[in-house]
Protein chains: 2
Amino acid sequence: MARLRIALAQVDLTVGDLDANAAVVRSWTGRAAEAGAQLVAFPEMTLTGYPIEDLAFRRSLLDANKRRLDTLAAASGDLPVVVGYLDRDAAGARNAVAVLHRGEVRARYFKHYLPNYGVFDEARYFAPGDRVVLLDVGGATVALAICEDLWQDGGTVAAAGAAGAELVVVVNGSPYERNKDDVRGALVKRRAAESGAVFAYVNTTGGQDELVFDGDSMVVAPDGTVLARADRYDDELLVVDVDLPSRPAASADGFAGGFAVDRVTLGPVPPFPETPVPQRIATPLSDEAEVYGAIVAGTRDYVRKNAFTSVVLALSGGIDSALVATIAVDALGASNVHTVAMPSAYSSQGSLDDAAELATRQGTRHVVVPIQPMVEAYHEALKPLGGLSGLSAENLQARVRGTLLMALSNEHGHLALTTGNKSEVATGFSTLYGDSAGGWAPIRDVPKSLVWALARWRNAEAARRGETPRIPEASITKPPSAELAPGQLDADRLPPYDVLDAILDAYVERDVDREELVAQGFDPAVVDRVIRLVDTAEFKRRQAPPGPKITARAFGRDRRLPITNRWVDTPTARGLPETVRPEGS
Amino acid sequence: MARLRIALAQVDLTVGDLDANAAVVRSWTGRAAEAGAQLVAFPEMTLTGYPIEDLAFRRSLLDANKRRLDTLAAASGDLPVVVGYLDRDAAGARNAVAVLHRGEVRARYFKHYLPNYGVFDEARYFAPGDRVVLLDVGGATVALAICEDLWQDGGTVAAAGAAGAELVVVVNGSPYERNKDDVRGALVKRRAAESGAVFAYVNTTGGQDELVFDGDSMVVAPDGTVLARADRYDDELLVVDVDLPSRPAASADGFAGGFAVDRVTLGPVPPFPETPVPQRIATPLSDEAEVYGAIVAGTRDYVRKNAFTSVVLALSGGIDSALVATIAVDALGASNVHTVAMPSAYSSQGSLDDAAELATRQGTRHVVVPIQPMVEAYHEALKPLGGLSGLSAENLQARVRGTLLMALSNEHGHLALTTGNKSEVATGFSTLYGDSAGGWAPIRDVPKSLVWALARWRNAEAARRGETPRIPEASITKPPSAELAPGQLDADRLPPYDVLDAILDAYVERDVDREELVAQGFDPAVVDRVIRLVDTAEFKRRQAPPGPKITARAFGRDRRLPITNRWVDTPTARGLPETVRPEGS
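Definitions and limits used
- Residues numbered from 1 in each chain as written.
- Chains lettered and ligands numbered in written order.
- Predicted model: local features only at pLDDT ≥ 70, side-chain atom pairs only at ≥ 80, totals over all residues.
- Heavy atoms only, no water.
- Helix = DSSP H or I, 4+ residues; strand = E, 2+ residues; numbered from the N terminus.
- Buried < 20%, exposed > 50% of the residue type's maximum accessible area, 1.4 Å probe, protein only.
- Expected span 1.5 Å × (residues − 1).
- Arc of directions from axis to C-beta.
- Contact = heavy atoms within 4.5 Å.
- 1 Å grid on protein atoms, 1.4 Å probe; cavity = no way out; pocket = protein on both sides within 12 Å on 5 of 7 lines; lining within 4 Å.
- Points joined across faces, edges and corners; volume = space filled by probe spheres on them.
- Nonpolar A, V, L, I, M, F, W, Y, C, P; charged D, E, K, R; others polar.
- Pairing = 2+ DSSP bridges.
- Axes fitted to C-alpha atoms, helices over the stretch in contact; angles between N-to-C directions.
- Left-handed = near helix turned anticlockwise from the far one by under 90°.
- Salt bridge = Lys/Arg side-chain N within 4 Å of Asp/Glu carboxyl O.

Chemist: Please explain unusual backbone geometry as it appears in this structure.
Modeler: Outside of glycine, negative phi angles account for most residues, and trans bonds account for most peptide bonds. Geometrically, the link from Tyr50 of chain A to Pro51 of chain A is a cis peptide bond, its omega value of -10° lying close to zero. The residue Pro51 of chain A is located in the loop between β2 (39-41) and α2 (59-75) in this model. With a phi close to 75°, Tyr233 of chain B is a non-glycine residue in the positive phi region. Here Tyr233 of chain B is to be found in the loop between β13 (226-229) and β14 (236-243). According to the relative accessible area criterion, Tyr233 of chain B is buried, its value standing at 11%.

In structure tokens, the structure reads:
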């Protein structure tokens, strides 16, 4: 039975920053060598970052990333390094990993299964690999796989198992969604059991636009035992001593499961160290901690990787902006969070007090700018044209706030955050260029029900640590209102949020149709209204800023619908709904 | 030698409006029958419209479209009808056509090649078909194909040719881009020559979000003779008498080129009429007429299919807004076009006069709203926070205009049009929520050089018809300026537009890299500056409204780049450019 010390480099990479990514490979390879590792593996597309989208078509980037790979290979020593990169050959671009050892690129593996669903478009970019790579590393038989190769049945992972792999190293760029750690853990266990090999799973961390990568790297034995598991979101070098099963060598004909097999025997690797590494199994997170962690990580990285250091957001006194401010403070520190209250004639004193109290508790840089003078100037200017009424006048207030927020953003270089939640984004319950104006939308994929849950959880966390709760209780408990007209409440225009969120979860995330929703007991009139709101708000979502994906189906590239669309999911209706544009357009 | 009268129904369909689309099939089938046709064919995905994007996952839409298909089949008579629809079986969803005849669905064909590049994501939705369909229609052997099947070598089109097809009916949803008619015509000729069969190509018309379908249906003989060709953009029933080549029957084993062959002999069809139809070959359009026609068609359909009847746009007196107003008037009629001039302290009298003159010439509903009172109110409100300077103050003016435009849009139910061109969209030379605020962007894919060319062409067209030129000459000839600061000119901030557009064409549409641009003789400093502007404006484009695609690569789903991206296409640079945010953010 072979033993191997492996190191999984769970690291944050930056799309397009080849030098920085190569530097990460160098420094973490050094750390792995110091830790006595005999093999170190980095995440999917290490050198370019992931996903690079249409940058995959840039010859200059391809060439530059190959040069970095060659440089790293030339510098490689006894410790084999598994590193992801972009390759291209006659068949097209390749989502590839290379094995660097003793000055050379000794092996290359191309991703076989190319995901082309959800947020993924890999059939657009890559040609599928059709070869299995089996490395002899100090007497152990090690196979390589990339992300989706693990998720689909058969393919190169099954073939590697059949060919006698004792260890399968899977490099990943696996984005977070709620409870994905459970699914992922079960999947790795299943593949290990199917193959009879140990599985080493290394994932990236950090944010890349809408995607947050949650780490969760792990090593699992064929009997399902989790030998090691890394933290979520944080960078970590997971060093693990693994006892590998002795498995019969594969047939000599060089084929397995229909795939050609490349066999590569590496030269000497470092000896197995004498002192064992302690076992590392990270504590699982609660559902709220997991979601909150994803949003904080995604927000921190979006700000940092786009070269901002500070943010500005509007505080209304309500729960959404309170939660976003708290996330921003946790991500960036209070001194980098600028908050502004922009009261109108309809803002309650309670709301203003709640906003001020939140700013005080968290230490944000807080200012107050009343909007009434601008609102009046517009009304005056438009009076000769008939003036503004109803929703138009409500939207105006939101747009004055949006303009002020962007002025502060432009003048002081803060990234503007929006505060809309998924229930609002879904129903179009927002004003374009008003409250939806900004560069990053931290909670756009968080349903309102979960907004409350996260706020309560964050306050409880503070209490657990003996700190003042971050969010004033009134912001959590008061009935939600946009405060754009006298006495206005969300409940006047939307169904209760528990009902709304249940319908949205079914309709948006799981394509449950209208008939089935009615069969489940929802009021048909409410179902019809919600579906119409969602369908007709597509034009607003197209102009919305990005935010971190935390659900199974976030709006955006996860859910691609035409704006021009007369399909209405009811048994009888057709054409556009009677209200063409929803509230607050 | 068999003869057949075929009818190609070049029609505009609406995504999701199944009843309306089915009604189009019924009425145009009736027209084809009256014209003596022996076969009528409709465009790709006739019943659902095209492309339906993630609506392909909706069970309710699938079921409803199948019911419409069955109803149409039940009503079918002697005239065989080739109609596109959405199917689904164990392998997945299918981009399908059915042959309806004498009360039944007699054959089904599934698209074999699924485009997954450019604007297309069909690998996300559909499973590829793997069978060839050969129909015996009154003694003639007719094969079916769908769009991409024609564009790729081999596949079911080549197999159908090898199996003895005498006529290949290709149904299409082929979006417009510049000069595509030339490429398309050459392609159909090549396939006809390769196969030895007559090719009948039917395309849809109208707009669907960013895509404009330009018709251009045609029938081509194996020797390359164009037997008939329909108009661009307009609906048309193209009725053609074709002499079909006698071709040897295929092998009897039911396979051709590796594909299984479904052979279906239809029952009696109408007799070949005694009176021949006159030949119809539409006159080709000039480059400018073609582009202008696409934008007008796309604009008309976006407005109409989204249930608007009128539009509102800002007139600056400059060329961009002048062209957009002219397009809107041509698309919707002057009485549906509302224009507003919003002068600031920096607006020249000439600009105001040019705007008024354009409104007068075209008969738009024109109003003037000076923005100074609002601008001053904002400055006053922000003074305690340090006030606004430079670009922030420029952006403020644009956002006041955006807010006024949206107020008029909301209050009066007009769709707001934006007036930015592709050169501006590319370089981020616009203000988010300011001049980029609106629901539809008619010229967002038109480079500035082409804006001038289209304006001159449209004026010349008017002159040719003895009408007053639509656009005042001063709007065309004066140096472009945003007029957001005293004496400001575009030329202060951007390279000359001929240089800029040449670089943009290469970098954006053809992935020409920096080194090659320099090798072509462009000033390296200018190239670097343009590339940086393009790269760092991605965040603005994500929040921009849609507009019609007219180039080979429009911004949007044609070109998918991360916002977070530190790749800089220069031999030495890395990381973010020194100017993180371009002008006018």
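Chemist: What am I meant to see in helix α1 (residues 18-34) of chain A here?
Modeler: In an α-helix, one turn spans 3.6 residues; hence positions three or four apart end up facing the same way. Residue and element names in this part refer to chain A. Helix length check: α1, at 17 residues, gives a terminal C-alpha distance of 24 Å against a target of 24 Å (1.5 Å per residue), a fit within 8%. When we look at burial in α1, the residues that qualify are Leu18, Asn21, Ala22, Val24, Val25, Trp28, Thr29 and Ala32. Taken end-on, α1 shows its buried residues confined to a sector of 150°, consistent with a single buried face. In this structure, the buried side of α1 is in contact with β1 (3-10), β2, α2, β3 (81-89) and β14 (236-243). Downstream of α1 by a residue or two, Gly36 has a phi angle that is positive, lying close to 80°.

Chemist: It is not clear to me how empty space enclosed by the protein should be interpreted in this structure. Could you clarify?
Modeler: Rolling a probe over the atoms, with the probe sized like a water molecule, indicates the empty space that remains. Taken as a whole and assessed by the stated rule, the structure comprises 13 cavities of 30 Å³ or more. Taken as a whole, the largest cavity holds about 1200 Å³ of empty space. Contributing to the lining of the largest cavity are 50 residues, with Arg542, Gly556 and Arg557 of chain A together with Gly556 and Arg557 of chain B lying nearest its centre. Listed by contribution, the elements that provide at least two residues to the lining of the largest cavity are α3 (122-125) and α18 (538-542) of chain A together with α3 (122-125) and α18 (538-542) of chain B. Class assignment of the residues belonging to the lining of the largest cavity gives a composition of 26 nonpolar, two polar and 22 charged.

Chemist: Teacher, can you tell me more about the sheet that holds strand β13 (residues 226-229) of chain A here?
Modeler: The pairing of strands in a sheet comes from backbone hydrogen bonds and takes either a parallel or an antiparallel form. Residues and elements named next belong to chain A. Across the sheet, which stays open at both edges, the eight strands sit in the order β13-β12-β9-β8-β7-β6-β16-β15 with mixed pairing between neighbours. Each having just a single partner strand, β13 and β15 (255-256) make up the two edges of the open sheet. Of the pairings in the sheet, the one linking strand β9 (residues 198-203) to strand β12 (residues 218-220) comprises three bridges and is antiparallel in character. Note that in β12 the partner of Tyr201 across the bridge is Met218. Along the sheet, helix α5 (residues 155-162) contacts β6 (131-137), β7 (140-146), β9, β15 and β16 (259-265); its crossing angle with β6, the most-contacted strand, is approximately 45°. In the packing of helix α6 (residues 180-195) onto the sheet, contacts are made with β9, β12 and β13, and the angle to β9 comes to roughly 150°.

Chemist: What exactly am I supposed to notice about the packing of helix α7 (residues 287-305) of chain B against helix α8 (residues 319-332) of chain B here?
Modeler: Relative orientation and spacing of two packed helices are given, respectively, by the angle between their axes and the distance between those axes. Residues and elements named next belong to chain B. Between α7 and α8, whose axes approach to 9 Å, the crossing angle comes to 65°. Here the hand of the crossing between α7 and α8 comes out right-handed. Residues Tyr292, Ile295, Val296, Thr299, Arg300 and Val303 of α7 lie in contact with α8, whose contacting residues are Leu323, Thr326, Ile327, Asp330, Ala331 and Leu332. Grouping the amino acids of the contact of α7 with α8 by side-chain chemistry returns eight nonpolar, two polar and two charged.

Chemist: What am I meant to see in the sheet that holds strand β17 (residues 311-314) of chain B here?
Modeler: Residue and element names in this part refer to chain B. Read from one edge to the other, the open sheet built from four strands follows the order β19-β18-β17-β20, with strand pairing classed as parallel. Every interior strand has two partners, whereas the edge strands, β19 (365-368) and β20 (415-416), have only one. Two strands pair when backbone bridges link them, and β17 and β20 are joined in this way by two bridges, in the parallel orientation. In the sheet register, Val312 faces β20, and the bridge partner there is Ala416. Where helix α11 (residues 390-412) meets the sheet, it contacts β17, β18 (337-341) and β20, and its direction lies at approximately 165° from that of β17.

Chemist: Before we go on, may I ask you to explain the pattern of salt bridges in this structure?
Modeler: Should the charged atoms of two oppositely charged side chains come close, the side chains can pair. All names here are of chain B. Taken as a whole and judged by the stated rule, the model has 110 salt bridges over all chains. The shortest N-O distance in the salt bridge between Lys111 and Glu122 comes to 3.0 Å. Taken together, the positions of Lys111 in the loop between β5 (104-110) and α3 and Glu122 in helix α3 put the pair 11 residues apart, joining distant regions of the chain. Classification of Lys111 by relative accessible area gives buried; the value is 1%.

Just geometry here; none of it tells us what the structure is for.
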